[in-house]
Amino acid sequence: MNGLQILKDTAVVDLEQNLRTKFLSIPENTRLKLEIKDVSKTFNTRDGRICALNRINLTIKEGEFTCVVGPSGCGKSTLLHLIAELEAPDKGEIILYSTEDEGRLVERLIVFQESALFPWLTVLENVAFGLRIKGMRYRERVERAMDYLHLVRLSKFAHCYIHELSGGMKQRVALARALAMNPEVLLMDEPFAALDIQTRENLSRELEEIWSKTGKTIIFVTHNVEEAVTLGDRVILFSGRPGTVQKEYRLNLSRPRQRENPLLKEMINLISNDFKRLDGASINEATG
Amino acid sequence: MGSTAKKGGFFLLLILTWYALAHSGWWPEYMLPAPEAVCRNLVNGIGSGRYLMAIAVSIRRILLGYLISLGVGIPLGMLTGRLKWLDETVGSLLLGFQALPSIAWLPLSLLWFGLSEKAILFVVIMGALLSITLATNSGVKNVPPLYIRAGKNLGAKGKTLFTQVILPAAFPSIVIGMKQGWSFAWRSLMAGELLFINLGLGHLLMIGRELNDMAQVIAVMFILIVIGLLFDRLLFSRLEAVVRRRWGFDQV
Ligand SMILES: Nc1ncnc2c1ncn2[C@@H]1O[C@H](COP(=O)(O)OP(=O)(O)OP(=O)(O)O)[C@@H](O)[C@H]1O
Ligand SMILES: [Mg+2]
């Protein structure tokens, strides 16, 4: 198959031939990591029941970088919480195929939408928190935490408290804290949303680098189509509430990705248009 | 430097005014003693050991009462903060008691324990315990759910989650409760000593009044201020500094 594929049964996207041929082919031999089968989630609130997710089906391969985009309130965070087992689905199941890895301390870790670092701990202690919970010895966990702080280039700030950091630095610490646990699946919930464009681009470049070094399976939620296309092997577009998988795009652009790459721009336009159409539809629904 | 100079100048001026007024002869000495009379009284009282004894007795009472309040109040606040049924029963009872000024417990306490150390201890505890418990309770209840989720996600659960996430997150609120509890305990102690209980600084104040010895009254008031400031500096300022250092400057 060619690089750009619409995997779901939604409308066929007419792409120019040159765009089609310039994508690479998908390696089909990688292992299955995560299976989300027919998952639904409803919340009971004072204003009645809110269906956040409706029959989500997704399969994610090992080492794959999956981006999820969709309108606000469509259940993206909810999906990550379900995958992280912080909440249970009403229907369906989520299966994680874990590997035997001695260095792994947890299966699934979230980098939350808002900074969830602990203000009572220093940067270093935050990164070492999970290691300490898992019973790792002081020496070892400090060493490991420092390694990951180096990775996100914050080792100089190891002994600062969280309020002394900028927004971008906080998100990098959160990333280091998650990576230090060596999770099988890293879930990132709009980690760079609150940042300015420059910081955002720097961080996503760093993330791409880290990902290619560590080969983690990453699910990355974002509002920003450009970010999704720059980072992801796949982009999954969610519809408005209740969230369903609307479309799936596969991107086999070479890495590191150049923002100036015309294919990338083309892809951004394509997905943005779909996204807008979807947003328009959900607005019409709301008003009509 | 400037601020210390301003402060020093202000207090110097205050003492000079006091000196001038006391020596003007407008008021009798039992209404306004001269600063040097108060000083002399303070030196004599401390030299003879009389004041030191009272200080020791009062501090022993408050420390004992306060430590008991901490020992009971913090665990009780944690429990009511975590267990809904306990909060709805015991928690609401405590909330009701908080409306009661702690010195109102004195008559009851005297009937139960007689004119004894136990009676004053009880009043001190009733002063401190409630604010400590309630502050701990609200601190534990108001831990941002995000911290709890993050803690769980990193592998903490049950007791570990409580001691490593919930408790530290509630720390600023607990410090506020401890400070408030201290000042309530201090007030209840003074009120109790003034009204009934022998020995202690409150009692000295009362003796001063009975003897028309205004110098003694003012001297003891000085001692009370110094003790209050001392505890604030030694304990609470430090705790608050910890909170400020870690959480940033917007808390406490
Ligand atoms: N704990 C909860 N209790 C009740 N309703 C909830 C809860 N969590 C989420 N919801 C509802 O579920 C829906 C989806 O929320 P979610 O946070 O997953 O959206 P999102 O796609 O992450 O949005 P955003 O892009 O704005 O972060 C929303 O309508 C929200 O009100
Ligand atoms: Mg969200």
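The rules behind these values
- The residue count restarts for each chain, going from 1 along the sequence in the order it is written.
- Each chain is given a letter, starting from A, and each ligand a number, starting from 1, according to the order in which they appear as written.
- Residue-level local features of this predicted model are given only where pLDDT is at least 70; pairs of side-chain atoms are given and counted only at 80 or more, and the full residue set underlies all totals for whole chains, interfaces and linings.
- Calculated side-chain values reflect all of the structure's heavy atoms, with hydrogen atoms and water omitted.
- A 1.4 Å probe rolled over the protein chains alone gives each residue an accessible area, and that area as a share of the maximum for its type sets the label: buried under 20%, exposed over 50%, partly exposed in between.
- Strands here are runs of E lasting at least two residues and helices are runs of H or I lasting at least four, both read from the DSSP assignment and numbered beginning at the N terminus.
- Looking down the strands as they point away from you, a crossover is right-handed if its path from the first strand over the helix to the second goes clockwise.
- Throughout this description, a polar contact denotes any pair of N or O atoms lying within 3.5 Å of each other; where both atoms belong to protein, one of them has to be capable of donating a hydrogen while the other can accept it, and for residues adjacent in sequence the pair is counted only when both atoms sit in side chains.
- Throughout, a contact is declared for two residues whenever any of their heavy atoms are within 4.5 Å.
- Note that the domain bounds reflect an automated or database-derived domain assignment.
- By buried area we mean how much accessible surface two parts lose on assembly, using a 1.4 Å probe and totalling the loss over both.
- In the sections that follow, a salt bridge refers to a side-chain nitrogen of Lys or Arg positioned within 4 Å of a carboxyl oxygen of Asp or Glu.
- For Na, K and Ca the donor cut-off is 3.2 Å, and for all other metals it is 2.8 Å, counting N, O and S atoms only; because water is absent from this set, sites may look incomplete.
- Summary of the distance rule: residues count as near a molecule or strand when at least one heavy atom falls within 4 Å of that molecule or strand.
- Note on areas: Shrake-Rupley, 1.4 Å probe, and residue coverage restricted to the protein chains presented here.
- Residue count minus one, scaled by 1.5 Å, sets the expected span of a helix.
- Directions from the helix axis toward the C-beta atoms define the arc.
- Two cysteine sulfurs form a disulfide in these notes if their separation is within 2.5 Å.
- For patch building, the residue pool is restricted to those with more than 30% relative accessible area and no salt bridge; the joining distance is 9 Å between like charges and 5 Å between nonpolar side chains (Val, Leu, Ile, Met, Phe, Trp, Tyr).
- Two strands pair if DSSP finds at least two bridges between them.
- Per-residue confidence from the predictor is reported as pLDDT, a score between 0 and 100.
- Helix axes are fitted to C-alpha atoms over the stretch in contact, other axes to C-alpha atoms as well, and angles between N-to-C directions run from 0 to 180 degrees.
- With the far helix as reference, a near helix turned anticlockwise by less than a right angle produces a left-handed crossing, and one turned clockwise produces a right-handed crossing.
- When residue character is reported, Ala, Val, Leu, Ile, Met, Phe, Trp, Tyr, Cys and Pro are called nonpolar, Asp, Glu, Lys and Arg charged, and the others, Gly included, polar.

Student: How should I be thinking about the pairing of strand E7 (residues 217–222) of chain A in this particular structure?
Tutor: If a strand is regular, its side chains alternate between the two faces of the sheet. Residues and elements named next belong to chain A. For E7, the buried fraction is high: 6 of the 6 residues fall into the buried class. In E7, alternate side chains face the same way, and those of Thr217, Ile219 and Val221 on one face and Ile218, Phe220 and Thr222 on the other are all buried. Between the parallel pair strand E6 (residues 185–189) and E7, the chain is carried across by helix H6 (residues 197–214), and the sense of this crossover is right-handed.

Student: Would you take a moment to explain the side chain of Asp189(A) for this structure?
Tutor: Residue and element names in this part refer to chain A. Structurally, Asp189 can be placed in strand E6. A distance of 2.7 Å separates the side chain of Asp189 from the side chain of Ser77, its partner in a polar contact. Excluding anything up to four places from it in sequence, Asp189 contacts Ser77, Leu80, Val111, Phe112, Gln113 and Val221.

Student: How should the domain arrangement of chain A be read in this particular structure?
Tutor: By a frequent convention, interface size equals the accessible area lost on bringing the separate parts together. Residue and element names in this part refer to chain A. According to the domain assignment, chain A consists of domain 1 (2–99 + 184–287) and domain 2 (120–180). Contact with domain 1, which involves 11 residues of that partner, is made by 10 residues of domain 2. Sorting the residues of domain 1 by area buried against domain 2 places Leu186, Glu206 and Ile210 first, and these three jointly supply 47% of that buried surface. The interface formed by domain 1 and domain 2 includes 2 salt bridges.

Student: Which parts of the structure should I look at to understand the coordination of the magnesium ion (ligand 2)?
Tutor: Donor atoms from the polypeptide that coordinate the magnesium ion (ligand 2) comprise Ser77(A) (OG) and Gln113(A) (OE1), at 1.9 to 2.4 Å from the metal. Residue Ser77(A) is located in helix H2 (residues 76–83), and its partner Gln113(A) is located in the loop between strand E5 (108–111) and helix H3 (123–133); the two are separated by 36 residues in the primary sequence.

Student: It is not clear to me how the site of ligand 1 should be interpreted in this structure. Could you clarify?
Tutor: Residue and element names in this part refer to chain A. The environment of ligand 1 is made up of 15 residues, and the closest members are Ser72, Lys76, Ser77, Thr78 and Arg241. Taking Ser72, its side chain carries an N or O atom lying 2.5 Å from an oxygen atom of ligand 1. Interatomic distance of 2.5 Å between a side-chain N/O atom of Thr78 and an oxygen atom of ligand 1. Its free accessible area being 630 Å², ligand 1 has 68% of it covered by the protein chains. Contributing elements (two or more residues each) for the shell around ligand 1: strand E1 (32–45), strand E2 (48–61) and H2.

Student: Which parts of the structure should I look at to understand helix H2 (residues 35–47) of chain B?
Tutor: Residue and element names in this part refer to chain B. Helix length check: H2 (13 residues) gives 18 Å between terminal C-alpha atoms against 18 Å at 1.5 Å per residue, within 8%. Taken as a whole, H2 has its buried residues at Pro35, Ala37, Val38, Asn41 and Gly45. Along the long axis of H2, the arc covered by the buried residues comes to 160°, so they all point the same way. More than 90 degrees from the buried face of H2, the exposed residues found are Arg40, Val43 and Gly47. Among the structural elements, helix H1 (2–23), helix H3 (50–82) and helix H10 (214–247) are those in contact with the buried residues of H2. Of the residues one or two after H2, Gly49 is the one with positive phi, at around 90°.

Student: What's the story with the state of the cysteines in this structure? I'm lost.
Tutor: Here a disulfide denotes one covalent bond, and it connects the sulfur atoms of two cysteines. Taken as a whole and assessed by the stated rule, the structure comprises 0 disulfides over all chains. Between Cys51(A), a free cysteine, and Cys74(A), which holds the nearest cysteine sulfur, the sulfur-to-sulfur gap is 12 Å.

Student: Sorry, what's going on with a nonpolar patch on the surface here?
Tutor: Residue and element names in this part refer to chain B. Together, Leu21, Trp26, Trp27, Tyr30 and Met31 give the surface a local cluster of nonpolar side chains, amounting to about 590 Å² of exposed area. As for its placement among the helices and strands, Tyr30 is situated in the loop between H1 and H2. A relative accessible area of 49% means that Tyr30 is categorised as partly exposed.

Student: What exactly am I supposed to notice about the interface of chain A and chain B here?
Tutor: Taken together, the contact between chain A and chain B spans 26 residues of the former and 20 residues of the latter. Approximately 2,100 Å² of surface area, both sides summed, lies buried where chain A meets chain B, with 67% of it carried by carbon and sulfur atoms. The interface formed by chain A and chain B includes 1 salt bridge. For Arg245(B), the salt bridge is made with Glu164(A), and the minimal N-O distance between the two is 3.2 Å. Across the contact surface, chain A and chain B share 8 residue pairs in polar contact (both at pLDDT 80 or more). Broken down by secondary-structure element, the contributors of at least two residues to the side of chain A that touches chain B are E5 and H3 of chain A.

Student: Any chance you could explain the pairing of E5(A) here in plain terms?
Tutor: Residues and elements named next belong to chain A. Covered by surrounding structure in E5 are Arg108 and Ile110 together with Leu109 and Val111, the residues of both alternating faces. Pairing geometry for E5 and E6, over 4 bridges, is parallel. Note that in E6 the partner of Arg108 across the bridge is Val185.

Student: Quick question: what am I supposed to make of the pattern of salt bridges here?
Tutor: Side chains that differ in sign of charge can pair as their charged atoms come close. Residues and elements named next belong to chain B. Within this structure, the stated rule accounts for 22 salt bridges over all chains. Taking the shortest distance from any N to any O, the salt bridge between Asp232 and Lys179 comes out at 3.8 Å. Here Lys179 lies in helix H8 (residues 158–195) and Asp232 lies in helix H10, a separation of 53 residues in the sequence. Note on Asp232: relative accessible area 25%, which makes it partly exposed.

Student: Please clarify how unusual backbone geometry should be interpreted in this entry.
Tutor: Most of the time, phi is negative for any residue but glycine, and the peptide bond is trans. Residue and element names in this part refer to chain A. In this structure, Arg55 takes a positive phi of about 50° despite not being glycine. The backbone of Arg153 shows a phi angle near 60°, a positive value even though the residue is not glycine. In this fold, Arg153 is placed in the loop between helix H4 (138–151) and helix H5 (167–180). Classification of Arg153 by relative accessible area gives exposed; the value is 56%.

Student: Can you help me understand the confidence of the model for chain A in this one?
Tutor: Any region with low pLDDT has predicted coordinates that should not be read closely. Residue and element names in this part refer to chain A. Mean pLDDT over chain A: 82, with 85% of residues reaching 70 or higher. Within the model, the stretch residues 1–27 combines pLDDT values under 50 with 48 contacts to residues more than four positions away or in other chains. A low-confidence stretch, residues 284–288 stays under pLDDT 50, and its non-local contacts, those more than four residues away or across chains, total 0 contacts.

Student: What is the right way to look at the side chain of Asp87(B) in this model?
Tutor: Along the chain, Asp87(B) falls in helix H4 (residues 84–98). Leaving out residues up to four positions away in the same chain, Asp87(B) has contacts with Thr80(B), Ser92(B), Asn137(B) and Lys141(B).

Student: Would you explain the packing of helix H5 (residues 106–113) of chain B against helix H6 (residues 117–141) of chain B in this entry?
Tutor: When two helices pack together, their arrangement is given by the angle between the helix axes and by the axis-to-axis distance. Residues and elements named next belong to chain B. Between H5 and H6, whose axes approach to 8 Å, the crossing angle comes to 145°. When the axes of H5 and H6 are compared, the crossing they make is right-handed. Contacts between H5 and H6 involve Leu106, Leu108, Ser109, Leu110, Trp112 and Phe113 from the former and Lys118, Ala119, Phe122 and Val123 from the latter. In terms of residue class, the contact of H5 with H6 is made up of 8 nonpolar, 1 polar and 1 charged.

Student: What is the right way to read the environment of Pro256(A) from this model?
Tutor: Tracing the backbone shows Pro256(A) in the loop between strand E9 (245–250) and helix H8 (262–287). In sequence terms Pro256(A) and Ser212(A) are 44 residues apart; their C-alpha atoms lie 9.2 Å from each other.

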